[in-house]
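A closer look at the structure
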Amino acid sequence: MDSTQPTAPHHDNAGFGDDNDRPPSYNQSQDLYPTVPQLSPQPVVTTSTSVPQLSPQPVITTSITTIVRRIEPKSNMINVLRGLASSVLIMLVMGVLIWYFAFFERELYHEGGIDLPQPTPVTDHNQPQLCDGVKDLIGGEDESQCLRLHGTDFVLQSFSASSQTWRPVCAERWRDDLGRASCKQIGYSSTEFVSSTQTGAGSLGTGGYSKLKLGFYQPGDQIHSHLRDSRTCNSNMVVSLRCIACGVSETGPSTRIVGGTPAVMEAWPWQVSLQYNGRHFCGGTIIGQYWILTAAHCFPSEPSDTSILRVYYGGVRLSWMFSSASVRRIIVHEDYNIEPQANDVALLRLKWPLTFTQDVRPACLPNVGVNLNPERNAWTTGWGTLSYEGVSPDELMQAEVTIYSRDRCNQRHILDQWVTETMICAGKLAGGVDSCQGDSGGPLVAQEGGVWWLVGDTSWGVGCAVQNKPGVYGNVTYFSDWIHKQMQLD
């Protein structure tokens, strides 16, 4: 994490270089990054129908009027008293009816088995209806990405097949077993489940809610198939779901550090070292008990024998790290391309689950709605060389960097259109702070809402810590769909 200045772009992996030409120009009209992942399934064209407004029905009014006419007072006192009593009774009945319709009108539609009329989709027989609770495709891909978590409150949202919108799940009648099943459907192991609590809906409820239907949930059911659209949630409380105890650092940095410095134990409990035959070649990040996220270029060719690949974790000194895990499978992004260095992400599926402790914990995958906008500080860590083609430290190094907008990075005097939507650039334009060779695959994390989020994986750079040449990282937010899909398929 020091500075020297070669001129050609290279991967920050000491074991794998790249001298190919720079990628094609990037379209400046695209949005700044990190890009909010496009988690919504492709929309199905719909036509809207109006929702009728409930009001007391005419037949009820007519019936009451008829009764009043039948008990109109006669000329004697008994009839008068009877009439008064009947009138009082009728007024009470009418009051109850008015109160009923005023306060429970919406529940007739949502809880009494009468569904709100929904927009009628235009049926395309060549395209399956997404998130309707029916698996139309082999493997069930049409039903695989229908739940997600939103914001730093981890609000559970369900995709509405009828309105083609994401809606927060109302907390009424919600249970832990439903929360655990939701986490499993998102892609997490049931053993990682933390809690299913409630939080205020806020502005998320302005477009409506998803509510539990009446009926019984059977283990293995798709959770979203047990939800229905609702205009309201009586409590205004929605489900907050913690599927995994992620993003917690006991000794994380609280002050600005210029340049690389040694990390202390428990500061970055998600950092791992990937080693072949006991030799470090790349970094990685714990994102689950079974899952490590790293860079695709760390595996230019998949090893025929994964037994020589080990994941070391739980320490800051390579010479003192004795805990390791074996790898069952290496999953390289199918669209990884070395020439534009795009989609530089891979997952390692471990044979056995990690046991989480204070110095072994996952970083959080970015939720939709978490503020990870550019021009903010982040931290990069690794055991990479301290200068370009220099020596590698035994201690884990840490450095604070700035995430820059893609437009800024693609200015001609900086990275000149090399940064695509699958990438993030971060460093110091003044130079002096950067990741370097051997840091590849390691984490770039940022703190928001008291939680550390995995923003990027170390990918490539022009030299190390060169002025106006910040490092480039895989855009983890952009890869969120792909990551969760691999976890679900497993």
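Residues numbered from 1 in each chain as written. Predicted model: local features only at pLDDT ≥ 70, side-chain atom pairs only at ≥ 80, totals over all residues. Heavy atoms only, no water.

Scanning the protein chain from N- to C-terminus turns up five helices and 23 strands. Taken over 490 residues, the protein chain has a buried fraction of 53%. Once local pairs closer than 6 in sequence are excluded, the contacts in the protein chain between residues at least 24 apart make up 72%. On the protein chain, roughly 22,500 Å² of surface is accessible, and the fraction owed to carbon and sulfur atoms is 53%. (Helix = DSSP H or I, 4+ residues; strand = E, 2+ residues; numbered from the N terminus. Buried < 20%, exposed > 50% of the residue type's maximum accessible area, 1.4 Å probe, protein only. Contact = heavy atoms within 4.5 Å. Areas by Shrake-Rupley, 256 points an atom, 1.4 Å probe, with all protein chains shown as cover.)

Turning next to the sheet that holds strand β14 (residues 291–294). On the basis of which strands lie adjacent, the closed barrel formed by six strands has the order β12-β13-β14-β17-β16-β15 and antiparallel pairing. Neighbour to neighbour, the strand axes of the sheet diverge by 45° on average, direction disregarded. Where strand β15 (residues 309–313) and strand β16 (residues 324–332) come together, three bridges link them in antiparallel fashion. Looking across to β16, one finds that R310 is bridged to S326. Relative to the sheet, helix α5 (residues 480–489) contacts β14, β16 and β17 (346–350), its axis offset from that of β17 by approximately 25°. (Pairing = 2+ DSSP bridges. Axes fitted to C-alpha atoms, helices over the stretch in contact; angles between N-to-C directions.)

Despite not being glycine, N277 has its phi angle at roughly 50°, a positive value. Secondary-structure assignment places N277 in the loop between β12 (271–276) and β13 (279–286). With relative accessibility at 64%, the residue N277 sits in the exposed group. Even without a glycine there, the phi angle at N468 is positive, about 65°. Considering the arrangement of structural elements, one finds N468 in the loop between β22 (451–464) and β23 (471–475).

Bringing the confidence of the model for the protein chain into the picture now. Across the protein chain, the average pLDDT comes to 77, with 69% of residues at 70 or higher. Within the model, pLDDT remains below 50 along residues 2–7, and this stretch shows 18 contacts once partners closer than five positions in the same chain are excluded. Residue range residues 14–81 is modelled with pLDDT below 50. Its contacts to residues more than four positions away, or to other chains, number 127 contacts. (pLDDT = per-residue confidence, 0-100.)

So, about the state of the cysteines. The tally for this structure, following the rule as stated, stands at seven disulfides. One disulfide bridge connects C131 with C146, the sulfur atoms lying 2.0 Å from each other. Looking along the S-S bond of the C131-C146 disulfide, the torsion reads about -90°, which is the left-handed sense. On the criterion of sequence distance, the pair formed by C131 in the loop between β3 (120–121) and β4 (147–150) and C146 in the loop between β3 and β4 is long-range, its members being 15 residues apart. As far as burial versus exposure is concerned, C131 and C146 are alike and both buried. (Disulfide = S-S within 2.5 Å.)

Using the criterion set out here, one finds two cavities of 30 Å³ or more in the structure. In this structure, the largest cavity encloses a volume near 280 Å³. In this structure, the largest cavity is lined by 25 residues; those nearest its centre are R148, L149, I186, N367 and H484. Of all elements in the fold, only β4, α3 (176–186) and α5 reach the threshold of two or more residues within the lining of the largest cavity. Top contributing element to the lining of the largest cavity by residue count: α5, with four residues. Residue classes in the lining of the largest cavity are distributed as 15 nonpolar, seven polar and three charged. Volume-wise, the second largest cavity comes out at about 60 Å³. What lines the second largest cavity is V264, M265, E266, A267, W268, P269, Q271, G314, G315, V316 and D359. (1 Å grid on protein atoms, 1.4 Å probe; cavity = no way out; pocket = protein on both sides within 12 Å on 5 of 7 lines; lining within 4 Å. Points joined across faces, edges and corners; volume = space filled by probe spheres on them. Nonpolar A, V, L, I, M, F, W, Y, C, P; charged D, E, K, R; others polar.)

A few words on the pattern of salt bridges. Taken as a whole and assessed by the stated rule, the structure comprises eight salt bridges. The shortest N-O distance in the salt bridge between R317 and D394 comes to 3.3 Å. In this pair, R317 sits in the loop between β15 and β16 while D394 sits in the loop between β18 (376–382) and β19 (397–404), placing the two residues 77 residues apart along the sequence. When its relative accessible area of 27% is taken as the criterion, R317 is described as partly exposed. Across the salt bridge formed by E375 and R408, the nearest N and O atoms sit 3.4 Å from each other. Residue E375 is found in the loop between β17 and β18, and its partner R408 is found in helix α4 (residues 406–409); the two are separated by 33 residues along the sequence. Overall, the relative accessible area of 44% leaves E375 in the partly exposed class. Assessed through its relative accessible area of 33%, R408 is described here as partly exposed. Here the salt bridges share partners, and the residues they tie into one network are R317, D394 and E395. (Salt bridge = Lys/Arg side-chain N within 4 Å of Asp/Glu carboxyl O.)

Moving on: the packing of aromatic side chains. Counted according to the given criterion, the structure contains nine aromatic pairs. Considering the side-chain rings of W268 and W452, the 5.3 Å spacing of their centres and the 80° angle between planes classify their relative orientation as edge-to-face. You can see W268 sitting in the loop between β11 (261–262) and β12 and its partner W452 sitting in strand β22, a full 184 residues away along the chain. Both residues of the pair, W268 and W452, belong to the buried class. When the ring of Y276 is compared with that of F281, the centres are 4.6 Å apart and the planes differ by 10°; the resulting orientation is stacked. The exposure class assigned to Y276 is partly exposed, which follows from its relative accessible area of 23%. With relative accessibility at 12%, the residue F281 sits in the buried group. Grouping aromatic residues by their ring pairs yields a cluster made of W268, W270, W379 and W452. Residue placement shows R242 over the ring face of F154; its charged tip is 4.0 Å from the ring centre. Taking NZ or CZ as reference, R317 lies 5.0 Å from the ring centre of W320, over its face. (Phe/Tyr/Trp six-rings, centres within 6.5 Å; stacked < 30°, edge-to-face > 60°. Lys NZ or Arg CZ within 6 Å of the ring centre and 35° of its normal.)

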